[in-house]
Amino acid sequence: MRFLFACTFGMLSYLQAGVKESLRLHPPAPMLLPRKARVDVEISGYTIPKGAQVLINEWAIGRTGIWEDAHLFSPERFIGSEIDVKGRHIKLTPFGSGRRIYRITIGSEDVAFDVGIIDQLI
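Not measured: the values here are computed from a predicted model. (Residues numbered from 1 in each chain as written. Predicted model: local features only at pLDDT ≥ 70, side-chain atom pairs only at ≥ 80, totals over all residues. Heavy atoms only, no water.)

Turning to the pattern of salt bridges, a few remarks are in order. All chains considered together, the criterion is met by 2 salt bridges. Notably, a salt bridge pairs R24 with E21, separated by 2.8 Å at the nearest N-O pair. Within this pair, R24 and its partner E21 are both found in helix 1 (residues 13-25), separated by 3 residues, close to a single helical turn. For the pair shown, R24 and E21 are each scored as buried. With a closest N to O distance of 3.0 Å, R77 and E21 form a salt bridge. Separated by 56 residues along the polypeptide, R77 in the loop between helix 2 (58-61) and strand 5 (104-105) and E21 in helix 1 bring together distant segments of the chain. (Salt bridge = Lys/Arg side-chain N within 4 Å of Asp/Glu carboxyl O. Helix = DSSP H or I, 4+ residues; strand = E, 2+ residues; numbered from the N terminus. Buried < 20%, exposed > 50% of the residue type's maximum accessible area, 1.4 Å probe, protein only.)

Here it is, written out as structure tokens:
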């Protein structure tokens, strides 16, 4: 029997791809935290005025045409891909992005892990 340690997760690329694919299809927060538009912007023919509250539907992003065969569970799509869960790529932002990225506090300790640490573990 072999034990897994946090330092060995980086070598398990298929496990990492499977977790990313799971987060794509089933994000922990289907609707990300609200944002406020800083400037007037037009997206897909719709004008979003400055100051408007914007909600990001992460669940819908994982099922759109930006993914080939979006309805299928296919971890292989992440093998050799630069896409991570740190919020740097719009295709996969299950924990949000920017300053409002989710933080996790473990127990009563004053320790918080950013998603960057989570990504190293998965």
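Anyway, onward from the coordinates.
For helix 1, with 13 residues, the first-to-last C-alpha span of 18 Å sits near the 18 Å given by 1.5 Å per residue. Among all positions of helix 1, only Q16, A17, G18, K20, E21, L23, R24 and L25 are buried. (Expected span 1.5 Å × (residues − 1).)

Read these as layout, nothing more, since geometry by itself doesn't imply function.
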